[in-house]
Amino acid sequence: MQKRIYKKKRYSNKLVPFQWGWLLAGGALIISCLLLVAIVTSQGQAFTNDATIHLPVTSITATPASIRSDATIAINADQLTGVFPLTAGGPIPVPANVLHPTNIARINIDNVLVSIYAGSMARTPTIGVLAILRENLTTGEQNLHLYQTAQPVGALTILTAHNTILTFSTAKENGTFNLVTNQFSAVG
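Residues numbered from 1 in each chain as written. Predicted model: local features only at pLDDT ≥ 70, side-chain atom pairs only at ≥ 80, totals over all residues. Heavy atoms only, no water.

Following the criterion strictly, the structure yields 3 aromatic pairs and no others. With 5.7 Å between their ring centres and 90° between their planes, phenylalanine 168 and phenylalanine 184 make a pair best called edge-to-face. On the criterion of sequence distance, the pair formed by phenylalanine 168 in strand β9 (residues 165–169) and phenylalanine 184 in strand β11 (residues 183–187) is long-range, its members being 16 residues apart. Judged by relative accessible area, which is 7%, phenylalanine 168 ranks as buried. Given a relative accessible area of 26%, phenylalanine 184 falls into the partly exposed group. (Phe/Tyr/Trp six-rings, centres within 6.5 Å; stacked < 30°, edge-to-face > 60°. Helix = DSSP H or I, 4+ residues; strand = E, 2+ residues; numbered from the N terminus. Buried < 20%, exposed > 50% of the residue type's maximum accessible area, 1.4 Å probe, protein only.)

A word on the side chain of threonine 170. Relative to the helices and strands, threonine 170 resides in the loop between β9 and β10 (174–178). Here the side chain of threonine 170 touches lysine 172 through a polar contact of 3.2 Å, landing on its backbone nitrogen. Setting aside its immediate chain neighbours within four residues, threonine 170 contacts Val153, Ala155 and Leu156. (Polar contact = N/O pair within 3.5 Å; in protein donor to acceptor, adjacent residues only side chain to side chain. Contact = heavy atoms within 4.5 Å.)

Okay, here's the thing in structure tokens:
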């Protein structure tokens, strides 16, 4: 009988470090998951309802090679200008929990490719928004800004893009947006 008790104690002592290791690993995994959830939810709450919203990262710097690696941009940026449906525009640089896009326009202004994504705010769909990505084709510098309508007009849809003026429509009226002054103007 004494041999069995001795073996049981010896065997159970070997399991203790093994169990503690699994407990620590499990605890670390749970803490990591909770931190990840906290980070993701806090990023979604970082936006306010100002008339103009700037993303937390308002300027993204890229090397000229990263922009020129796309052969269509390096060959002729003018071929990419105009108003396009979402399916023809490629990936949207704004998360879906921020912007519900309707369509896209691109304009080349002084060797800066300006991509405009029209739509509404995801959390308040009555607020129209333009997400404007400017890419300098010479230096590779990029920046992204969001501009909201002051009134709850609903989603914006770009009708035309000419020089530095965008014409857009809403459910109630048409309007313009000046790409130089970054200002909305209502057109009756």
